[in-house]
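# Observations on the three-dimensional arrangement
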Amino acid sequence: MNEEGNKGVTVPKKPTQDSIQEMLHKVITAHQQALALLQQTETAYSRLIPHQLLNLLEAKSIVDVKLGDQVERKMTIMFSDIRDFTPLSESMTPAENFEFINSYLSQMEPVISRHHGIIDKYIGDTIMALFEAGADEAVSGAIAMLDRLDYYNAGRERAGYAPVNIGIGLNTGVVMIGTVGGINRMDSTVIGDAVNLTSRIEEATKTYHAPLIISQNTLYDLVDPGKYDIRFLDRIRVKGKSQPLSIYEVLDNNPEEMRDRKRKSLAVFEKAVVYYHLKDIAKAIPLFEQCIDIYPDDFPALIYLNRCTDYQATGQHAGTGELQTKLAWKEEQHTGIAEVDDAHRILMERINTLTAQIDKDECRDLADIFPFLTRHNQQLFPVEEKLMREHNYPFSEGHAQEHKRFIENLAALENMAKTNSEESRHLAFRTGLLLLDWFASHATKADRHFARFMQIKKPG
């Protein structure tokens, strides 16, 4: 073909090394920008759904989370709430409310994270958090939150603002963690009796002016309860539940002088609470007065003293009435394991006998109940623990820990009985509380959970 035939045809230039490098740089830059955007998006989502929660749901990222995902775990649940928040918020504009809430939450969130807590949700000024590592992390985390609150309030005082107070409730139990909602909107949530009880315990911090209250369940889950300053506070009922549960005040966060004085009066206070529940007001009043003499601002002691005088004046008693109510064996309490159910029925009958004796003040001799309980433990606990190992029950370690703690508490009471170091009715009541709590939270709850696990795991 001649030169004229090539006219109008553009021959593409061969790319130079520089142009190739430029195109490659643009591709790499675009890739890096896209990756950075994905990382920013992942970080933003992690503030809405924490990575720890994704790990619990066995999801690698937010993309893997599906509606209806769920997992069962033993957790210590925390509810924390600002005292008298409503009148405080009414004194601020909406913008000031948001600024205040965020300044407060930004102080608490890092403390919870440092103690391996997972913030499940913020509900206004309320924090709901989960601690899978054990009750010790939850209790030490709550104490650290109250310490941080002192630091935060010092800053508020310097700025001319009034200090704020909070209440923290802790409870331990097996819960379901999962996702709920619809196609276009879903959220993570925690479901279980343990959650409802935690909310009730947090409410109790308002009644007793006690910043930190834990349940019997959390007390049992602590590795070493003696590490903390804890005193028995009361028995509470939860709506929809027939059996009350013991709650305890943790004193470690109190100012040094307050803590020292409450520690000094601890044995007297706990004995006074028992006598109040026994309606032995003549013995309760001087003991509560003794506590107040030691520390005049002991609010729980003051509250109980008012209850004593109200009972004398009106006959209205704020107790749970357990001594006048028999435990009844219900169909839903069956585990389906004959040996376990038989032991539970016998234990329940013995508890009913003991509470009737306490109510009638016919408990001069407790000698026979401790050998019975020792035999009960020796016959039942090894059977349960062996079955749990054989079936790879995921909560076997915690279950065995509860057995160990029950045996320790029982031994302490038996030693008091042998040394006659406590008045018989007082000691009988404390033994009754130990058994009532055990029956409500372990025999008819933890044992049934294991039994259901066995049934589900059965082949076919």
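Residues numbered from 1 in each chain as written. Predicted model: local features only at pLDDT ≥ 70, side-chain atom pairs only at ≥ 80, totals over all residues. Heavy atoms only, no water.

### Some details on unusual backbone geometry
- Positive phi, close to 60°, is recorded for H116, a residue that is not glycine.
- Relative to the elements of secondary structure, H116 occurs in the loop between α4 (94-114) and β2 (117-123).
- Its identity as a non-glycine residue notwithstanding, D361 has a phi of 55°, on the positive side.
- The exposure class assigned to D361 is partly exposed, which follows from its relative accessible area of 31%. (Helix = DSSP H or I, 4+ residues; strand = E, 2+ residues; numbered from the N terminus. Buried < 20%, exposed > 50% of the residue type's maximum accessible area, 1.4 Å probe, protein only.)

### Notes on helix α13 (residues 369-390)
- Between the first and last C-alpha of α13 there are 32 Å, a value that for 22 residues agrees with the 32 Å anticipated at 1.5 Å per step.
- Just downstream of α13 lies N392, where phi reads positive at about 55°. (Expected span 1.5 Å × (residues − 1).)

### Some remarks on the environment of H115
- Inspection of the secondary structure puts H115 in the loop between α4 and β2.
- With residues near it in sequence (within four places) discarded, H115 still touches F131, E137, S140, G141 and A144. (Contact = heavy atoms within 4.5 Å.)

### A word on the pairing of strand β4 (residues 166-181)
- The buried fraction of β4 is high, at 12 of 16 residues.
- With 3 bridges joining them, β4 and strand β6 (residues 212-215) adopt parallel strand pairing. Looking at the pairing, I168 lines up with L212 of β6. (Pairing = 2+ DSSP bridges.)

### Observations concerning the environment of S215
- Here S215 is to be found in strand β6.
- The spacing of S215 and I201 is 14 residues in sequence and 7.4 Å in space, taken between C-alpha atoms.
- Aside from chain neighbours lying at most four places away, what touches S215 is L170, N171, T172, I201, L245, S246 and Y248.

### A look at the pattern of salt bridges
- As enumerated under the stated definition, the model contains 26 salt bridges in all.
- With its nearest N and O atoms 3.3 Å apart, the salt bridge here joins D234 to R307. With a gap of 73 residues between them, D234 in strand β7 (residues 230-236) and R307 in helix α11 (residues 299-314) connect regions that are remote in the sequence. R307 matches D234 in its accessibility class, with the two residues each being buried.
- Salt-bridge contacts for E422 lead to K271; the nearest nitrogen and oxygen are separated by 3.3 Å. (Salt bridge = Lys/Arg side-chain N within 4 Å of Asp/Glu carboxyl O.)

### Focus on helix α9 (residues 266-277)
- Helix length check: α9 (12 residues) gives 17 Å between terminal C-alpha atoms against 16 Å at 1.5 Å per residue, within 8%.
- Summarising burial for α9: 9 of the 12 residues are buried, a large majority.
- Once α9 finishes, K279 follows within two positions and takes phi at roughly 65°, a positive value.

### Regarding the packing of aromatic side chains
- One pass over the structure, following the stated rule, counts 15 aromatic pairs.
- A ring pair is formed by Y276 and Y304, whose centres lie 5.5 Å apart and whose planes are at 70°; its orientation type is edge-to-face. Taken together, the residues Y276 in helix α9 and Y304 in helix α11 connect sequence positions 28 residues apart. By the burial criterion, Y276 is buried, and Y304 matches it. (Phe/Tyr/Trp six-rings, centres within 6.5 Å; stacked < 30°, edge-to-face > 60°.)

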